[in-house]
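Letter by letter, the chains look like this.
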Amino acid sequence: MPVSDALAFDLVVVGSGPSGRAAAIQAAELGRRVAVIERSPHVGGFSLETAVRSHTMRAAVLEVTAHLSGGYAGMRAEREVTLDDLLWRADAVIEHEREAAADALRRSGVTVMHGTASFVDPHKLDVRSASTLRRVLADKIVIATGATPRRPPVIQFDGEVVVDAEGFLGVRGLPESMTVVGGGATGLEYASLGAALGIRVTLVESSARLLADVDEELVSALEYHLRGLGLVSLRGEEAIAARPRRRGGAVVHLAGGVELHSDLAVFAGGRDGAVDRLNLAAAGLRADRTGRIPVRSDYRTAQKHIFAVGDVARNGVAAPAVDQGRQAARAACWLWTTTAARVASRAISTIPEIAFAGAGERALTRAGIPYAVGVGHFRDLVRGQIAGDRSGFLKLFAHAETRQVLGVHIIGTGATELVHSGQLAIARGLTVDDLAAATHDGASLSEAYRLAACQAATRLVDDERALAA
Ligand SMILES: Cc1cc2nc3c(=O)[nH]c(=O)nc-3n(C[C@H](O)[C@H](O)[C@H](O)COP(=O)(O)OP(=O)(O)OC[C@H]3O[C@@H](n4cnc5c(N)ncnc54)[C@H](O)[C@@H]3O)c2cc1C
């Protein structure tokens, strides 16, 4: 295919997900000529699409099963509910997100080129589509190609009964049984979705602990809840192969010789940076074995004029990816200023959901920081009773001397929303006394902050008395 005349830009961004868009818009706002290259026919990013699908499915499962208001137990999902039913809202949400993304780029004057980008040399990229091959020259380049599910060759994916984490969202019909390989955030999200729908779920995780970076008490509460829904969790077990069975369904082989048979096997073993089509070698760059491009603190790669942001640079989530895109663009325009949040929060969309910000027990103990813990149980709140959430709780860590809030860890209804008050309290250096004195609506789950803060404050007073005695 002949190459058309090269187009020149100050900054070219590869990938139109949250990080790429943020980089492009920031550079355009700084007066640069900017292009975004996107291989899919739509802008918006591939992971975002998957994320919207999985979140929409989760919201639908909560509705269908009336899960948290357990009083409607008779309405547990029936077999005739299909994954299509659960996803009916997703297409409209994705369409809306794509339009909003395209509109934001258009209004910022960013040129969008559809096609797959690959490096020709450190300043040149080819953009290949079904019918065209264009060449682009760039003074600066931001790689924002995201990540795709890891697919080890020992797993025989067929897209029907052996699927990866994205394939799960395209499965037709609800299986009766399901094996989920991977006890990280995505594996547990899907395992808990399945268990809530009444699917017999077996979860396989090679390490001894699920969700290694989450507070142990929260993980125990989640496991207790999932066991109650019939989920079997096999920890310290390694899946060494999986394949479709001739007579239907899938088989997963464990290292110890056990075979797990189920209607569906989902492999959720992490994500690798999407670098396979980029021809990084032509730019003098290399990715690590998980496809991540090594970057410095300002997101510069080994080539000073090339930056990498979002999931292709770091294992991540959307909100920090946006910050990274913006910062990389500013660094590319020699305007380095950090805009990153001082205290990051993280949410895990299991059922029940988990969210946390700041330090946890293990980090505080390891750092030798004296602390007190306070817990607010949802069952002690009117809103918790109304929501039918009798197991959710909010755990708060405070510095024993300064009384400042150091960490907030939540499991239960609305955890993803609730965590942000705690995140702000930590970032602004608020104390347990500030939180205890703040009026929370009596019929809100936020009231759990006041309960937890009061308990932590009482413990601090008790500790002081004990020391003085
Ligand atoms: C199931 C799931 C649930 C999630 N839930 C959350 C959540 O609750 N909260 C949260 O913050 N985050 C969540 N995330 C993560 C979030 O979606 C990602 O972190 C975020 O989308 C990453 O953005 P990105 O810009 O790095 O990449 P992406 O959004 O993946 O965009 C990369 C883009 O680059 C394009 N591309 C790739 N290679 C090329 C090439 N060679 N040429 C041209 N274009 C190319 C792709 O087509 C894609 O559009 C979730 C992700 C998944 C999969």
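Below or above, wherever it landed, is the structure these notes cover. As the structure is a computational prediction, the values presented were derived from the model and not from experiment.

### Describing the overall build of the protein
Summing up its helical and strand segments, the protein has twelve helices and 22 strands in all. Computed over the C-alpha atoms, the radius of gyration of the protein is 24 Å, within 12% of the 23 Å expected from 2.2 N^0.38 for a compact globule of 469 residues. C-alpha extents for the protein along the principal axes are approximately 80 × 60 × 40 Å. Counting over 469 residues, the protein shows a buried share of 50%. Relative to all contacts within the protein whose residues are 6 or more apart in sequence, the contacts with residues 24 or more apart total 64%. When the 52 positive and 53 negative side-chain charges of the protein are each reduced to one mean point, those points stand 5 Å apart.

### Examining the site of the ligand
Near the ligand lie 32 residues; those nearest to it are Ser 19, Glu 38, Ser 47, His 55 and Ala 318. At 2.6 Å from an oxygen atom of the ligand is found a side-chain nitrogen or oxygen belonging to Ser 19. Contact between the ligand and Asp 311: an oxygen atom at 2.9 Å from a main-chain N or O atom of the residue. Burial of the ligand by the protein amounts to 90% of the accessible area it has alone, namely 1000 Å². Those elements that place two or more of their residues in the shell around the ligand are α1 (18-29), β2 (34-38), α2 (46-65), β4 (116-121) and α7 (318-332). With seven residues, the single largest contributor to the shell around the ligand is α2. Residue classes in the shell around the ligand are distributed as 13 nonpolar, 15 polar and four charged.

### A look at the pattern of salt bridges
Evaluation of the coordinates by the stated rule reveals 22 salt bridges. Between Arg 107 and Asp 103 there is a salt bridge, with its nearest N and O atoms 3.2 Å apart. Here Arg 107 pairs with Asp 103, and both are found in helix α4 (residues 90-107), just four residues apart, close to one helical turn. Across the pair Arg 326 and Asp 323 runs a salt bridge, and its minimum N-O distance is 3.5 Å. Within this pair, Arg 326 and its partner Asp 323 are both found in helix α7, separated by three residues, close to a single helical turn. We classify Arg 326 as partly exposed; its relative accessible area is 32%.

### What to know about helix α5 (residues 185-196)
Taking 1.5 Å of rise per residue, the twelve residues of α5 would be expected to cover 16 Å, and the 16 Å separating its terminal C-alpha atoms lies within 8% of that figure. Of all twelve residues making up α5, eleven are buried, and the element is well covered by its neighbours. All buried positions along α5 are accounted for by Ala 185, Gly 187, Leu 188, Glu 189, Tyr 190, Ala 191, Ser 192, Leu 193, Gly 194, Ala 195 and Ala 196.

### Overview of unusual backbone geometry
A negative phi angle is the norm for most residues apart from glycine, just as the trans form is the norm for most peptide bonds. With an omega of 0°, the peptide bond running from Ile 351 to Pro 352 counts as cis. Here Tyr 299, not a glycine, exhibits a phi torsion of approximately 70°, which is positive. By the secondary structure assignment, Tyr 299 is in the loop between β16 (271-273) and β17 (306-308).

### Observations regarding the sheet that holds strand β8 (residues 162-164)
Within the open sheet, the five strands sit side by side as β8-β15-β9-β10-β11. Their pairing is parallel. Only two strands of the sheet have a single neighbouring strand rather than two, namely β8 and β11 (232-235). Between one strand and the next, the sheet's axes are offset by a mean angle of 20°, whatever the strand orientation. Examined bridge by bridge, strand β10 (residues 200-205) and β11 share four bridges and lie parallel to one another. Paired with Leu 203 across the two strands is Ser 233, which belongs to β11.

Here is what the cut-offs are and how they apply
Residues numbered from 1 in each chain as written. Predicted model: local features only at pLDDT ≥ 70, side-chain atom pairs only at ≥ 80, totals over all residues. Heavy atoms only, no water. Helix = DSSP H or I, 4+ residues; strand = E, 2+ residues; numbered from the N terminus. Rg over C-alpha atoms; globule rule 2.2 N^0.38 Å. Buried < 20%, exposed > 50% of the residue type's maximum accessible area, 1.4 Å probe, protein only. Contact = heavy atoms within 4.5 Å. Lys, Arg positive; Asp, Glu negative; His and termini not counted. Charge placed at Lys NZ, Arg CZ, Asp CG, Glu CD. Near = heavy atom within 4 Å. Polar contact = N/O pair within 3.5 Å; in protein donor to acceptor, adjacent residues only side chain to side chain. Areas by Shrake-Rupley, 256 points an atom, 1.4 Å probe, with all protein chains shown as cover. Nonpolar A, V, L, I, M, F, W, Y, C, P; charged D, E, K, R; others polar. Salt bridge = Lys/Arg side-chain N within 4 Å of Asp/Glu carboxyl O. Expected span 1.5 Å × (residues − 1). Pairing = 2+ DSSP bridges. Axes fitted to C-alpha atoms, helices over the stretch in contact; angles between N-to-C directions.

Nothing here speaks to function; it is all geometry.
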